[in-house]
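As a plain string of letters, each chain reads:
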Number of protein chains: 2
Amino acid sequence: MTAPHSTRVDSLRELAGRADLDAVVATTDASIAYLTGFWGLQLERLFAAVVRTDGGGALVAPTLDRDGVAAAPTPLPPRFWELTTDGMPELVDALGGARRIGVEEHHLSFARAGALTAAGAELVPAGDLVMSLRARKDETEVARIRAACALVEEVLERMFAELRPGDVEAEVNARVRYWLSQRGATDAHPLILFGAHAGNPHGEPSDRTLAPGDVVCADVSAQLEGYWGDLTRCGTVGPAGEWARAAWAVVRDAYDAAVAATRAGAEARAVDAAQRAIVEAAVEVGQCLHGAGHAIGVEIHEPPFLVPASATPLAEGMVFTIEPGIYRSDAGGIRLEDDVLVGADGPVLLSGLPLELREIPA
Amino acid sequence: MTAPHSTRVDSLRELAGRADLDAVVATTDASIAYLTGFWGLQLERLFAAVVRTDGGGALVAPTLDRDGVAAAPTPLPPRFWELTTDGMPELVDALGGARRIGVEEHHLSFARAGALTAAGAELVPAGDLVMSLRARKDETEVARIRAACALVEEVLERMFAELRPGDVEAEVNARVRYWLSQRGATDAHPLILFGAHAGNPHGEPSDRTLAPGDVVCADVSAQLEGYWGDLTRCGTVGPAGEWARAAWAVVRDAYDAAVAATRAGAEARAVDAAQRAIVEAAVEVGQCLHGAGHAIGVEIHEPPFLVPASATPLAEGMVFTIEPGIYRSDAGGIRLEDDVLVGADGPVLLSGLPLELREIPA
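Since the model is a prediction, treat every value here as computed from it, not as a measurement.

Peer 1: Teacher, can you tell me more about the overall build of chain A here?
Peer 2: A tally of regular secondary structure across chain A gives 10 helices and 17 strands. For a compact globule of 362 residues, the expected C-alpha radius of gyration is about 21 Å, and chain A comes in at 22 Å, within 12% of that figure. In terms of overall dimensions, chain A has C-alpha extents of about 65 × 40 × 35 Å along its principal axes. Across chain A, contacts joining residues at least 24 apart in sequence account for 67% of those joining residues at least 6 apart.

Here it is as structure tokens:
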């Protein structure tokens, strides 16, 4: 376990040096876990992985988490802070006079940035630098994403097998989450929506019951041993109606095009464009309401995002959700989602569940 | 539903004016929900409640969330942003030239602060200003916290009734979360630990099985209609041993002292000191590893925190968890937790579950 974390810290140190930084301070739970193997739950408390180019560094954490830190394979020595401070003096101390400091600019708060600046630091956005490491998954990481996908597949199969008219949307989501937890998921985000309710890709599960003719859009993600898997499959209660079949066919084409475009060297927006051209051409079926997907790893949503605004080039080892969908507020939504590795020879699916529309007995 | 949110926005506008601000930008999911009734899930996307002292304002959100925003009782008009931006241009536009801007300094990111500053804003920490409103709960809010506590109590009763030796820690936590979701909880954090494992107040549920002689420390929280309830009760498998009885007696005394100290005008640290004096005096029983509690409302942990460093005065309408505990790494942990309203005539318990150690059949 220790080796990959050491390698990651060393790589970050090297990148920091090349960027003329004296240190990098990673503050997201996910980056800290990636660098140290320690999974904290920050809430309002300060945690930080400090990597100095002079070879020093520390995992700054509250004393309360001493056992979790001790059990982690962190290559950075712990630096604990007591309840009598907010952790900032200990962070400044761990920086050992480093002046030019790379920070995760989308996470470090305005208040903590102010405290670091007041202590003499010059802060430099370095989120991309940390993410350039996190984005390219090693073999262990790919294996963990595969395992998380396998867990989600098992639970999706069970859900479709047991789903019946009369089932309550919120209850089905709770049950799926329970099955995932039972099987070791440390976190999970099921989003299973019925009928017209599925027409909003970010809808909330409600007390709506499943009825004949409904589509079911089942987006299920789970975190297993630190890594996420995220899949979506759809079904209908009784034989699929005309709209559901048409929507599924559009999304299936968009899915194929987006997966095929998920190649090293392609720009992120090219993957989005591949699905968007197909979904947007089907205006009579529904709307295109989101991008093609996002990177996935220690976080369920990570950059790069496969959206029109992103020119980020895809690189070998990146893993993305590919999840085109089409939505009509009076009929529902159909989405297909798999997790795809950018391989040396093209896209590699990390999940293997059939894509077809499931038919739930009416 | 609309009235309380309008009142909150008006109060914030008035506070902002008194603080010589041109606007306040609230960016936490919790503050946005408090001000607008809209519960978003931000992930990497920008959401903001903009309240201008000139009477203007907006709820800035991605287009993807249009249905959720439309269903919310927000007194602020929506300002949607499309996938082609990151939402910052729309936020700057919603500010309508406001220059001196209060921000939630513990949440606004370094990157977004930089973008606002580059657009000509002078940023002022205003988290306390927003929290000064959120901290004092109105009647509706107190009723919702009571309802969340009642839900947690029901599930704790069922858990203690069904718990048996051989039960797996992780499975029990998953089951309790499922019961909470089934009953309408939109989020939940069960932390139920067995035996020596409970000696770490932030331990992770594992595959450990419940055994005769174990203590059980069951900390269960749930969010219902936007508001959290958070309780802890303990038990033993078979009759309580000497350590468990001694630990419970210490914590019970500390609990009584801390609840009694939860009064308007007292400093936050005085509540902590009341429990700490008793727990720290019992060194032969175990360690005092955390503060007396924290405020609770739309977030499970909110300021003020009942810790040694806080001189914040308690005010009528605040609601706190009171949760003293004592820990010994080879024996376990005992903690008692209730949610307490600072009332006009002293502390008011919002939960009513008996405090005693439960005996689980061995």
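Next, the rest of the story.
Peer 1: Whenever I open this one, the sheet that holds strand S7 (residues 187–194) of chain A confuses me. Can you help?
Peer 2: The strands making up a sheet associate through backbone hydrogen bonding, with each pair oriented either parallel or antiparallel. All names here are of chain A. Strands sit in the order S7-S8-S9-S17 across an open sheet of four strands; the sheet is mixed. Both outer strands of the open sheet, S7 and strand S17 (358–360), are each paired with one neighbouring strand and no more. In this sheet, adjacent strand axes meet at a mean angle of 25° when their direction is disregarded. The sheet contact formed by strand S8 (residues 215–224) and strand S9 (residues 227–237) spans 10 bridges and is antiparallel. Paired with cysteine 217 across the bridge in S9 is cysteine 234. Lying on the sheet, helix H8 (residues 169–182) is in contact with S7 and S8; it crosses S7 at an angle near 150°.

Peer 1: What's the story with helix H10 (residues 268–281) of chain A in this structure? I'm lost.
Peer 2: Working note: α-helix, 3.6 residues per turn, so residues spaced by three or four point in the same direction. All names here are of chain A. Under the 1.5 Å per step criterion, the end-to-end length of H10 is 20 Å for 14 residues, consistent within 8% with the ideal 20 Å. Burial in H10 covers these residues: Ala268, Arg269, Val271, Asp272, Ala274, Gln275, Arg276, Ile278 and Val279. In this structure, the buried residues of H10 make contact with helix H9 (242–261), strand S11 (302–306) and strand S13 (325–328).

Peer 1: Just to check I follow, could you spell out the pairing of strand S12 (residues 319–322) of chain A for this structure?
Peer 2: On a regular strand, each side chain points to the face opposite its neighbour's, so the side chains alternate between the two faces of the sheet. All names here are of chain A. Of the two faces of S12, the one lined by Val319 and Thr321 and the one lined by Phe320 and Ile322 are each fully buried. Pairing between S12 and strand S15 (residues 338–343): four bridges, direction antiparallel. In the sheet register, valine 319 faces S15, and the bridge partner there is leucine 341.

Peer 1: It is not clear to me how the sheet that holds strand S1 (residues 23–26) of chain A should be interpreted in this structure. Could you clarify?
Peer 2: Residue and element names in this part refer to chain A. Read from one edge to the other, the open sheet built from six strands follows the order S4-S3-S2-S1-S5-S6, with strand pairing classed as mixed. Looking along the sheet, the strands with just one partner apiece sit at the ends: strand S4 (78–81) and strand S6 (122–125). The average angle at which neighbouring strand axes cross in this sheet is 25°, direction not considered. Of the strand pairs in this sheet, strand S5 (residues 100–103) and S6 are connected by four bridges, and their pairing is parallel. If you follow valine 103 over to S6, its bridge partner there is proline 125. Packed on one face of the sheet, helix H4 (residues 88–95) meets S1, strand S2 (48–52), strand S3 (57–62), S4 and S5 and runs near 170° to S3.

Peer 1: Explain the domain arrangement of chain A to me, please; I cannot follow it from the model alone.
Peer 2: The extent of an interface is frequently quoted as the accessible surface area lost upon association of the parts. Residue and element names in this part refer to chain A. Taken domain by domain, chain A holds domain 1 (2–135) and domain 2 (139–360). Contact residues are listed per partner, giving eight residues for domain 1 and 10 residues for domain 2. Counting residues per element, the ones that place at least two in the side of domain 1 that touches domain 2 are helix H2 (29–36) and helix H6 (127–135). Of the residues that constitute the side of domain 1 that touches domain 2, the class distribution is seven nonpolar, no polar and one charged.

Peer 1: I keep staring at unusual backbone geometry and nothing clicks. Help me out?
Peer 2: With the exception of glycine, most residues fall at negative phi, and the peptide bonds are largely trans. The residue after A:Pro303, namely A:Pro304, is reached through a cis peptide bond having omega -5°. Residue position: A:Pro304 is located in strand S11. Positive phi is not limited to glycine here, since A:Asp20 has a value of about 60°. Here A:Asp20 lies in the loop between helix H1 (2–18) and S1. Located in the positive-phi region is B:Glu225, a residue other than glycine, with phi close to 45°. Following the sequence through the fold, B:Glu225 ends up in the loop between strand S9 (215–224) and strand S10 (227–237).

Peer 1: Even after reading the chapter, I still don't get the relation of the copies chain B and chain A, so can you show me in this structure?
Peer 2: Rotating chain B by 180° and moving it 0.1 Å along the rotation axis overlays it on chain A with an RMSD of 0.0 Å. Taken together, these values place the two copies in the relation of a two-fold axis. The overlap is high: 100% of the interface residues of chain B also sit at the interface in chain A, so the same surface is used on both sides.

Peer 1: Quick question: what am I supposed to make of H4(A) here?
Peer 2: Residue and element names in this part refer to chain A. Those residues of H4 lying buried are Glu90, Leu91, Ala94 and Leu95. Buried positions in H4, seen along its axis, are confined to an arc of 145° and lie on one side of it. At its buried positions, H4 is contacted by S1, S2, S3, S4 and S5. Directly after H4, the chain includes glycine 96, whose backbone phi takes a positive value near 55°.

Peer 1: So what exactly am I meant to see when it comes to the environment of B:Ala240 here?
Peer 2: All names here are of chain B. As for its position among the elements, alanine 240 is in the loop between S10 and helix H9 (242–261). In this structure the C-alpha to C-alpha distance between alanine 240 and proline 125, which are 115 residues apart in sequence, comes to 50 Å. With residues near it in sequence (within four places) discarded, alanine 240 still touches Arg245 and Leu357.

Peer 1: Before we go on, may I ask you to explain the interface of chain B and chain A in this structure?
Peer 2: Taken together, the contacts link 35 residues of chain B with 36 residues of chain A. Of all the secondary-structure elements, those providing two or more residues to the side of chain B that touches chain A are helix H3 (66–71), helix H5 (110–118), strand S6 (122–125) and helix H8 (169–182) of chain B. With six residues, H8(B) is the largest single contributor of residues to the side of chain B that touches chain A. A class-by-class count of the residues in the side of chain B that touches chain A yields 17 nonpolar, 12 polar and six charged.

Peer 1: Got a minute to help me understand the environment of B:His202 in this structure?
Peer 2: Tracing the sequence through the fold places B:His202 in the loop between strand S8 (191–194) and S9. Sequence spacing of B:His202 and B:Leu191 is 11 residues, and the spatial spacing of their C-alpha atoms is 8.2 Å. Beyond its immediate chain neighbours, meaning those up to four positions away, B:His202 contacts A:Leu64, A:Asp65 and A:Gly68.

Peer 1: I tried to follow the packing of helix H7 (residues 139–162) of chain A against H8(A) on my own but got confused; where do I start?
Peer 2: Residues and elements named next belong to chain A. One can describe the packing of H7 onto H8 by two numbers: an axis separation of 10 Å at closest approach and a directional angle of 140°. As the angle between them shows, H7 and H8 are arranged oblique. H8 is crossed by H7, and the crossing has right-handed handedness. Facing Leu151, Val155, Arg158 and Met159 of H7, the residues of H8 in contact are Val172, Val176, Trp179 and Leu180. Among the residues forming the contact of H7 with H8, the class breakdown is seven nonpolar, no polar and one charged.

Peer 1: Any chance you could explain the environment of A:Pro308 here in plain terms?
Peer 2: With respect to the secondary-structure elements, A:Pro308 resides in the loop between S11 and S12. For A:Pro308, a count of 15 C-beta atoms within 10 Å gives the class partly exposed. When the C-alpha atoms of A:Pro308 and A:Val152 are compared, they prove to be 28 Å apart, with 156 residues separating the residues in sequence. Apart from the residues lying within four places of it in its own chain, the contact partners of A:Pro308 are A:Arg269, A:Asp272, B:Leu83 and B:Thr84.

Peer 1: So what exactly am I meant to see when it comes to the pairing of strand S4 (residues 78–81) of chain B here?
Peer 2: Residue and element names in this part refer to chain B. Pairing geometry for strand S3 (residues 57–62) and S4, over four bridges, is parallel. What sits directly across from valine 60, in S4, is arginine 79. Assessed by its sense of winding, the connection that carries the chain from S3 through H3 to S4 is right-handed.

Reading the values: the criteria
The numbering scheme is per chain: residues are counted from 1 as the chain's sequence reads. Chain A is the first chain written and ligand 1 is the first ligand written, with later ones labelled in order. Under the rules for a predicted model, residues below a pLDDT of 70 receive no local features and side-chain atom pairs below 80 are neither given nor counted, while totals for whole chains, interfaces and linings still include all residues. What counts as a helix is a DSSP run of H or I of at least four residues, what counts as a strand is a run of E of at least two, and both are numbered from the N terminus. Atoms considered for the radius of gyration are the C-alpha atoms alone. The globule rule reads 2.2 Å times the number of residues to the power 0.38. Think of it this way: build a C-beta for each residue from its backbone, and any pair within 7 Å is a contact. Pairing between strands is defined by DSSP: at least two bridges between the two strands are required. In this analysis an axis means a line fitted to C-alpha atoms, helices contributing only their contacting stretch, and an angle means the value between N-to-C directions, from 0 to 180 degrees. Working rule for helices: expected span equals 1.5 Å times residues minus one. As a rule, residues whose C-beta atom has 12 or fewer other C-beta atoms within 10 Å are exposed, those with 20 or more are buried, and those in between are partly exposed; C-beta atoms are placed from the backbone. Each domain's extent is set by a domain assignment, obtained either automatically or from a database. Under the scheme applied, nonpolar residues are Ala, Val, Leu, Ile, Met, Phe, Trp, Tyr, Cys and Pro; charged residues are Asp, Glu, Lys and Arg; polar residues are all the others, including Gly. C-alpha atoms of residues with pLDDT of at least 70 in both copies form the basis for the least-squares superposition of the copies. Throughout, the arc means the angular range of directions from the helix axis out to the C-beta atoms. When an angle is under 35 degrees it counts as roughly parallel; over 145 it counts as roughly antiparallel; between 65 and 115 it counts as roughly perpendicular; any other value is oblique. Two helices cross in a left-handed way if the nearer one is turned anticlockwise from the farther one by less than a right angle. They cross in a right-handed way if the turn is clockwise. Seen with its strands pointing away from the viewer, a crossover is right-handed when the path leading from the first strand over the helix to the second is clockwise.

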